[in-house]
Each structure stands twice: as C-alpha cells, then as structure tokens.
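Chain by chain, the residues:
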Amino acid sequence: MLRSWKSLETYLLVAPQTLLFLLFLVFPIVMIGIVSFWEFNGFAMVPSFTWDNYSILFSSDVTLKTYINTLKFVGLVWSATLVIGYLVAYFLAFYVENNTVRIILFLVCTVPFWTSNIIRSISWIPLLGREGLVNQLLVAIGLVQEPVEWLLYSDFAIVLGMVHLFNIFMIAPIFNSLMRIDRSLITAAQDMGATGFQTFREVILPLSTSGIAIGSIFVVTLVMGDFVTIRIMGGGQAASVGKLIQTQIGSLQYPLAAANAMVLLAVTMAMVISILRVVNIRKEL
Amino acid sequence: MQKRSVTFYLLAGFFGLFVLFLYGPMLTILMLSLQGPEGKLTLPMRGFSFYWLGQVFQEQRVGNFVDGFQRSLLLGVVVLVLSLVISVMAGLAFRQRFRGSGALFYLTIASLIVPSVLISLGIGIAFQVLGLQTNWFSSGLGAHLTWTVPFAFLIVLGIFNRFNPAYEEAARDLGASDVATFWEVVLPLIAPGLLGIGILSFTLSYDEFVRTSLVSGQKNTLPLEIFGMTTNVTSPALYALGTLTTVFSFTLILLAFWGYNKLSKRQSQ
C-alpha cells in the first residue's frame, strides 16, 4: 500500500513537466511534420498529402546555398566562442585564487546576458557604423584613410554579434567542467614532472571535453536557428535558414516553412548527435 | 599555477579585453541615451539630458513600450512561479529511478536543443490548426516555459544531487509526514538555489524573443515591441529603453544576490 502510493506520488510529481513538453514541444513538432505535407493554394493551407514542399526545397539552389551559408556561420562562431570561452573559463577556474573574486568575475561575465539580445545587438551599430566610434578612432590614428565598410552589415559583423551574444553558453559549461576537475590530479601530474602545457594536454583537456560538448551543442543550435542577429547585424543581406523560414512564414506559406523547419531540425539533430558520439556527456548529468 | 607567471598576466589581459568586449556596446548606448533632444542614432553625442529616458514612456511612432513592459513583467513573474513549481516537483520525483524517467529527461533536454524558431512555428501552427487564438498569456506562456523549465530542472537536479538526505530522515524519525517534511525541512534548505532559479527563469522569460515571435498574438511582449522598432523608425528612445532595461535587470540581480546571502546566512545558523 505504501509502495503503490509512493509510485503514484512520483508520477503525479512529474505530470506537469511531462504535460508541458507533450503539449508545447512534442505536439507542435508533430504538427509541423504533418503540415509539411499539406498544400498551399495561394492564401491558405489545405490538408492533403504531397511531397511537393520537400521537392521544391530540395530542387532549389537557394536552399543549398542558404544552408551552406548558415553552416559557415556555425563553424566560425563555434571556433571563436570555443577559443574565447575556454580561455576565459580557464582563467577563472585556475588563475583566480580567491573564491569570492572568482564568483564576482563570473557574474561580471554573466550579467550582460540578462539584457535582451536585440538591444545588445543594436548597441553595436553606433560602434561599427561608418560614422561609428571604431571608424572614427581608426581614421583619427591614421590607420585607414576612409571609414572601413565591412565592420557593419557584413559577415564579420554577424559573427561578431553572435560571438558576443552566445559565448556565455560556452563559458558556463566549460567553467563547470574545469571546476570539477580534482585538483589533486593536477598536483600529481606536476609532481611527476609535467610542464604546464603537458598537464593541460593530458589531464585538463580530456576532463573538460564534456563541458566543451555541452557548450558546442548550445552554440550550434542557437546559430542554426538564428534570424534576429543576422537581420540586425547583417542588414538583411546575409542568408540564413532561420531567415528563410521567417520569410516563408511571412508570406503565409506554412507548408513550405514547415518542410524547411523539418529539414532544419534534421540537420541540427545530426550535428548534435555527432557531437554526442564523440564525447560522452552522460557522466556529467 | 600558484605563482604569478607570464601566463597569468596574458590570461588576465585577455579576460580584461573580453570584459571590455562584453560591456563596450552597452556603455555606448548608455551614453547615447543621455543625449539631448537633438540626439541621433550614432555618435558623436549631441547634448546631455534625460530627455530620451523620459521619452521611453511616451507613445512611440511604432508601438508602445509601457504596455509591452507590463506584459513582459507579468509574464515573467508567472513563468518564474510555474518554472519553479514544475521543476521542483519533477526534481523531487527524479531523486529515485522510475519508469519513463530517462524519456522525460531526454525530452526536457530536447526542449533546449530544438531551435527556438521551430518551437515558435510549431506552437503557432498547432494553435492555428486547432482554431485557437495565439495569445501572450497562453501560447506565449507555453513557449517561454519550454525554454525556462529545462534550465530550472537541470539546476534542481544539481541541487538535489548535493542534498544531504539526513535531515529528511531525521524529520521522518520524529514522525513528520511527507508534506510536512518537504515544507519544514527540504524547502528552507534549497531556498537559496530556488531564488537563483527564479531570477534566471524571470530574466530568460523577460528577454525571450525567438520562441515568442510567432505566438504572442495581438499584444506584444517587450522584446517583440523592441524588434518592431528596429525594423521601422527608431530614435534614441530605443537606446534609452535599452539602458533602462539593463538597469532593471541589474537591480534584480543585486536584489537576488542580497537575498541569496541573507538566506544562506540564515541557513548556517
């Protein structure tokens, strides 16, 4: 009697969370899948079953180019956030003695992320524009004759913006992994005569891979689905899958957008799974 | 690694640059929002006054900030409460293995990994097909929860992992029921962590844009309102809004920090 009540209690406790995700995650995704097979008659969706949307998608040049462009951003942003994030996390974990100072510095890194992404992206415009601060500085010191054009509304700006917004997702997991490394392992390595770099390569790096993996998964999914940063920093010229889907939604072509969304989901999941294949993060969770 | 080596100064310097990188843009808009009425969107600064900060509260040419702010605030509070309740309940259940725990766990993680655009599109389509109106308080709320609950849940798992069951056993030995044990023993002990989760959930909701973009219905949340401004006419009022919002978030975090310290101190007694 006691045992059956205990298990009922457990299921009651997880019911809200399960319900939430069934209603707002599973059901919507299933709906996208279903709608991707519907027809579009010019102004509304018509329930049916057709592969049209997918064939339009796969036969179009635009799709391939857009995906490649988005993957390009993923690669650039991922490498940048990895390097920056690892260096920052490493500094915080190993080079800061005082724990309180460490927490404060970590908060210093985290606080900007509590401001809206849009506002943070917009704030780059007065800095990077033709009359922006950076250009004014460059012209003043004489490094360039005229304002640099490619600082804003370019691929550079997009990658900069994304790195600016997303690096916390890399810093936090890596910081977490590094902090969990048993310090006695490091001392042991040093006792055995390893140099700093060797200790890093043989001890620290392997133990931090789960943090790197988690951070990478976050960054990859954020960049794959992004359309806001690309729009604001890229000035509407750069192509991205998110933006393509938005445009299709804007013209009410829901079935096409849905098909695109399913492809996006498949590609993103493929990337996530390959990251998980390389690194086992089960032990971290 | 104990002595102040060259590496330390290099890394510290890098860290300093990084902080500059993070805060630079925000300082710029802070300056720009303090311009006088002749101010434009780019530097140099023209005039100095609080004019634009006041302008934030007026009706803008496109959209109205105050309404959006109120909605985001209210929604944030609701999301905070719901995320806490849902994740703590689930966290309690996850302290032991049960059938389906793996599936629910992966489902929760999936909610974080699936690109936000898809969730927004999915909920939007689902509502349309069911004939329901999307609304910031129903579909918007659901979209926000798919983002905040996984974070809250993961943190709760971490908290319960480190939780010492001795207190609960002591309470049970003294004859307390399950519910009483929870309220009197568990809850006070995890309170500081819950505060952190609450603040996190609120800010995640308050700033959320992509997931909400298609499901907010007729009335916008603040981030959606801001986005509308960026694509149409803008003025330094936008920067002023940015400054105000940042100050608001900052104050919240300070309050949370203070609250966390108070709670932790009370615990160690």
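Thresholds applied
Every chain is numbered on its own, with residues counted from 1 as its sequence reads. In the order they appear in the text, chains get letters beginning with A and ligands get numbers beginning with 1. Owing to the predicted nature of the model, reporting of local features is limited to residues with pLDDT of at least 70; listing and counting of side-chain atom pairs is limited to 80 or more, with chain, interface and lining totals taken over all residues. Every helix listed is a DSSP run of H or I at least four residues long, and every strand listed is a run of E at least two residues long, numbered separately from the N terminus. It is over C-alpha atoms that the radius of gyration is taken, and the globule rule equals 2.2 Å times the number of residues to the power 0.38. Partly exposed residues are those falling between the two cut-offs: more than 12 but fewer than 20 other C-beta atoms within 10 Å of their own, whereas 20 or more means buried and 12 or fewer means exposed, with C-beta atoms placed from the backbone. A residue pair is marked as a contact if its C-beta atoms, positioned from the backbone, fall within 7 Å. Each residue gets one label: Ala, Val, Leu, Ile, Met, Phe, Trp, Tyr, Cys and Pro are nonpolar, Asp, Glu, Lys and Arg are charged, and the others, such as Gly, are polar. When buried Ala, Val, Leu, Ile, Met, Phe, Trp, Tyr and Cys residues are joined through C-beta atoms within 7 Å, the set is termed a nonpolar core. Helix axes use the C-alpha atoms of the stretch in contact, all axes being lines fitted to C-alpha atoms, and the angles between their N-to-C directions lie in the range 0 to 180 degrees. With respect to orientation, any angle under 35 degrees is reported as roughly parallel, any angle over 145 as roughly antiparallel, any angle of 65 to 115 as roughly perpendicular, and every other angle as oblique. Less than a right angle of anticlockwise turn of the near helix away from the far helix marks a crossing as left-handed, whereas a clockwise turn marks it as right-handed. Every residue gets a pLDDT, meaning the predictor's confidence in that residue, from 0 to 100. Expected helix span is computed as 1.5 Å times (number of residues minus one).

> Please clarify how the overall build of chain A should be interpreted in this entry.
Counting its secondary structure elements, chain A contains 15 helices and two strands. Its C-alpha atoms give chain A a radius of gyration of 24 Å, clearly above 19 Å, the size a compact globule of 285 residues would have. Considering only C-alpha atoms, chain A reaches an extent of 85 × 70 × 30 Å along its principal axes. Scored against the burial criterion, the 285 residues of chain A give a buried share of 43%. When contacts within chain A are restricted to residue pairs at least 6 apart in sequence, long-range pairs at least 24 apart make up 71% of them.

> For this particular structure, what's the right way to read the overall build of chain B?
Looking only at helices and strands, chain B features 10 helices and zero strands. A burial count over chain B gives 38% of its 269 residues as buried. Within chain B, contacts between residues separated by at least 24 positions form 75% of all contacts whose residues are at least 6 apart in sequence.

> Honestly, the interface of chain B and chain A in this entry has me stumped. Any pointers?
As a measure of interface size, the accessible area lost when the parts come together is often cited. With 67 residues of chain B in contact, the opposing surface of chain A contributes 65 residues. At the level of elements, helix 1 (6-33), helix 3 (65-93), helix 4 (101-113), helix 5 (116-130), helix 6 (139-161), helix 8 (178-207), helix 9 (222-231) and helix 10 (236-267) of chain B are the ones that each hand at least two residues to the side of chain B that touches chain A. The greatest single-element share of the side of chain B that touches chain A, amounting to 17 residues, is contributed by helix 1 of chain B. For the side of chain B that touches chain A, the class distribution of residues is 50 nonpolar, 16 polar and one charged.

> Even after reading the chapter, I still don't get the nonpolar core, so can you show me in this structure?
Side chains of nonpolar character tend, in soluble globular proteins, to be buried together. Residues Ile 32, Val 77, Val 219 and Ala 261 of chain A together with Leu 118 and Leu 121 of chain B are the most contacted members of the largest nonpolar core, which totals 127 residues. If you tally residues by element for this core, the top one is helix 3 (residues 61-94) of chain A, at 11 residues. Beyond its immediate stretch of four places on either side in the chain, Leu 121 of chain B contacts Ile 32, Ile 245, Ile 249, Ala 257 and Ala 261 of chain A together with Leu 214 of chain B.

> Please clarify how the packing of helix 6 of chain B against helix 8 of chain B should be interpreted in this entry.
The packing of two helices is summarised by the inter-axis angle and the distance between the axes. All names here are of chain B. It is the contact of helix 6 with helix 8, at a shortest axis distance of 10 Å, that shows an interaxial angle of 160°. Our classification of the angle between helix 6 and helix 8 gives roughly antiparallel. Remark: the crossing between helix 6 and helix 8 carries right-handed chirality. Residues His 144, Trp 147, Thr 148, Phe 151, Ala 152, Ile 155, Val 156 and Ile 159 of helix 6 touch helix 8, and the partners they reach there are Ile 190, Gly 193, Ile 197, Leu 200, Ser 201, Leu 204 and Ser 205.

> Explain the packing of helix 3 of chain B against helix 6 of chain B here, please?
Residue and element names in this part refer to chain B. Packing of helix 3 against helix 6 leaves a shortest axis separation of 8 Å and a crossing angle of 45°. In terms of axis orientation, helix 3 runs oblique to helix 6. The crossing of helix 3 and helix 6 is right-handed. Residues Leu 75, Val 78, Val 79, Leu 82, Ser 83, Leu 84, Ile 86, Ser 87, Val 88, Ala 90 and Gly 91 of helix 3 pack against Gly 140, Leu 141, His 144, Leu 145, Thr 148, Val 149, Ala 152, Phe 153, Val 156, Leu 157 and Phe 160 of helix 6. Classifying every residue of the contact of helix 3 with helix 6 by side-chain character gives 16 nonpolar, six polar and no charged.

> What am I meant to see in the confidence of the model for chain B here?
Close inspection of predicted coordinates is inappropriate for parts of the model with low pLDDT. Per-residue pLDDT for chain B averages 80, and the proportion of residues at 70 or more is 87%. We note a pTM of 0.84 for the whole complex and an ipTM of 0.83 for its interfaces.

> For this particular structure, what's the right way to read unusual backbone geometry?
All names here are of chain A. The residue Tyr 153 is not glycine, and still its phi comes out positive at about 55°. Relative to the helices and strands, Tyr 153 is located in the loop between helix 7 (133-141) and helix 8 (155-166). Of note, the phi angle at Leu 252 is positive, near 65°, even though the residue is not glycine. Residue placement: Leu 252 occurs in the loop between helix 14 (241-250) and helix 15 (254-278).

> So what exactly am I meant to see when it comes to helix 12 (residues 209-224) of chain A here?
Each turn of an α-helix holds 3.6 residues, which means side chains three or four residues apart point in the same direction. In this model, helix 12 of chain A (16 residues) spans 22 Å end to end at C-alpha, consistent with the 22 Å of a helix rising 1.5 Å per residue. For helix 12 of chain A, the buried fraction is high: 15 of the 16 residues fall into the buried class.

> Help me understand the environment of Ile 125 of chain A in this model?
With respect to the helices and strands, the residue Ile 125 of chain A is situated in helix 6 (residues 125-128). Here the alpha-carbon distance between Ile 125 of chain A and Val 272 of chain A, two residues 147 residues apart in the chain, equals 33 Å.

> What exactly am I supposed to notice about the confidence of the model for chain A here?
Per-chain confidence: chain A averages 85 in pLDDT, with 95% of residues scoring 70 or above. Across chain A, element-level confidence peaks in helix 3 of chain A with a mean pLDDT of 92 and bottoms out in strand 2 (residues 45-46) of chain A with 76.

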